[in-house]
Amino acid sequence: MIDWYERQLKQLHVQMYLNHEMTPDDPALQSADHIFIGAGAIPLIPPIPGIHHDHVIGAIEAHLQKELVRGEQIVITGGGLTGCDLGLELAMEGKKVTIVEMRPEAGQDVMYINRAALMPMLERHGVTILGGHKVLSFEANGLYAENAEGSKVFIEADTMINAFGMRKNTTIAEQIRAKFESKTSLIGDCVKIGKVGTAVRSGFYAASAV
């Protein structure tokens, strides 16, 4: 899908400026007839002791910078779609993966037809899923969690990956909208966290309304 969008943007002669941080004072905003802000989302980092250790990394980092995933025992905290997909990816590369999920079961936010394929694949590749476990702290060689019975357990890990979810990235969006309220539309995850399809529809409807 990304390749398709890149091709379409080139064919339609859409100007793209990468590695450019927008500010409310940017002249392009002043001269624009309408502004769409799709600032997206940023990782949710709960205040859990040890979460900022070097061997605790984010799910996006783990996917894009494989060199940060060190060792063989990998623990992923968060069993939503992101955590499960990443767990399967790493397990297929030969890693020993454990997913720690607070809810009773992992993959509850995954579309049914996708979940029906994903969960058996996780099992087939040896991914351990610990449902009903709340992360208490990240340590040097693993993490402590509380299971459904209220007992404290330790799970060994070389690398721990934070897949707790995302939160709206609203800072720059609100600053720009405050300055250009009458011609600004917010779209995608900076409005409401969702899937790719949700963001695409959000942008399509916003553009159609102008």
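Our structure's up above, just so we're on the same page.
Rules of the game
Residues numbered from 1 in each chain as written. Predicted model: local features only at pLDDT ≥ 70, side-chain atom pairs only at ≥ 80, totals over all residues. Heavy atoms only, no water. Helix = DSSP H or I, 4+ residues; strand = E, 2+ residues; numbered from the N terminus. Buried < 20%, exposed > 50% of the residue type's maximum accessible area, 1.4 Å probe, protein only. Contact = heavy atoms within 4.5 Å. Salt bridge = Lys/Arg side-chain N within 4 Å of Asp/Glu carboxyl O. Polar contact = N/O pair within 3.5 Å; in protein donor to acceptor, adjacent residues only side chain to side chain. Axes fitted to C-alpha atoms, helices over the stretch in contact; angles between N-to-C directions. Parallel < 35°, antiparallel > 145°, perpendicular 65-115°, else oblique. Left-handed = near helix turned anticlockwise from the far one by under 90°. Nonpolar A, V, L, I, M, F, W, Y, C, P; charged D, E, K, R; others polar.

Trainee: Just checking my understanding: could you explain the overall build of the protein chain for this structure?
Mentor: When its secondary structure is counted, the protein chain shows seven helices and twelve strands. Overall, the C-alpha framework of the protein chain stretches about 60 × 35 × 30 Å when taken along its three principal axes. Across the 210 residues of the protein chain, 34% fall into the buried class. Summarising the internal contacts of the protein chain: among those between residues at least 6 apart in sequence, 63% fall at separations of at least 24.

Trainee: Hey, could you run me through the pattern of salt bridges in this one?
Mentor: Any two side chains of opposite charge can pair, given that their charged atoms come close. This model, assessed by the stated rule, comprises seven salt bridges. A salt bridge links Lys66 to Glu89; the nearest nitrogen and oxygen atoms lie 2.7 Å apart. With a gap of 23 residues between them, Lys66 in the loop between α3 (59-64) and β4 (73-77) and Glu89 in helix α4 (residues 81-92) connect regions that are remote in the sequence. Take Lys66: its relative accessible area is 30%, and that puts it in the partly exposed class. According to the relative accessible area criterion, Glu89 is partly exposed, its value standing at 23%.

Trainee: What's the story with the side chain of Asn162 in this structure? I'm lost.
Mentor: Along the chain, the position of Asn162 falls in strand β10 (residues 159-162). Side-chain polar atoms of Asn162 contact the backbone nitrogen of Phe164, separated by 2.9 Å. When residues no more than four places from it in sequence are discounted, the contact partners of Asn162 are Leu44, Ile45, Ile51, Ile57, Gly58, Ala59 and Thr77.

Trainee: Sorry if this is basic, but what is going on with the side chain of Glu101 here?
Mentor: Tracing the backbone shows Glu101 in the loop between β5 (96-100) and α5 (112-124). For Glu101, a relative accessible area of 6% corresponds to the buried category. Among all residues touching Glu101, those that are not within four sequence positions of it are Gly78, Gly79, Gly80, Ala106, Leu130, Gly131, Gly132 and His133.

Trainee: Looking at this model, I keep getting lost on the packing of α4 against α5. Mind explaining?
Mentor: Each packed pair of helices is defined by two parameters, the angle between the axes and the distance between the axes. It is at 10 Å that the axes of α4 and α5 come closest, and there the two elements cross at 40 degrees. Considering their axes alone, α4 and α5 lie oblique with respect to each other. The handedness of the crossing between α4 and α5 is left-handed. Within the contact between the two elements, α4 uses Cys84, Asp85, Gly87 and Leu88 and α5 uses Leu118, Met121 and Leu122. For the contact of α4 with α5, the per-class residue count stands at five nonpolar, one polar and one charged.

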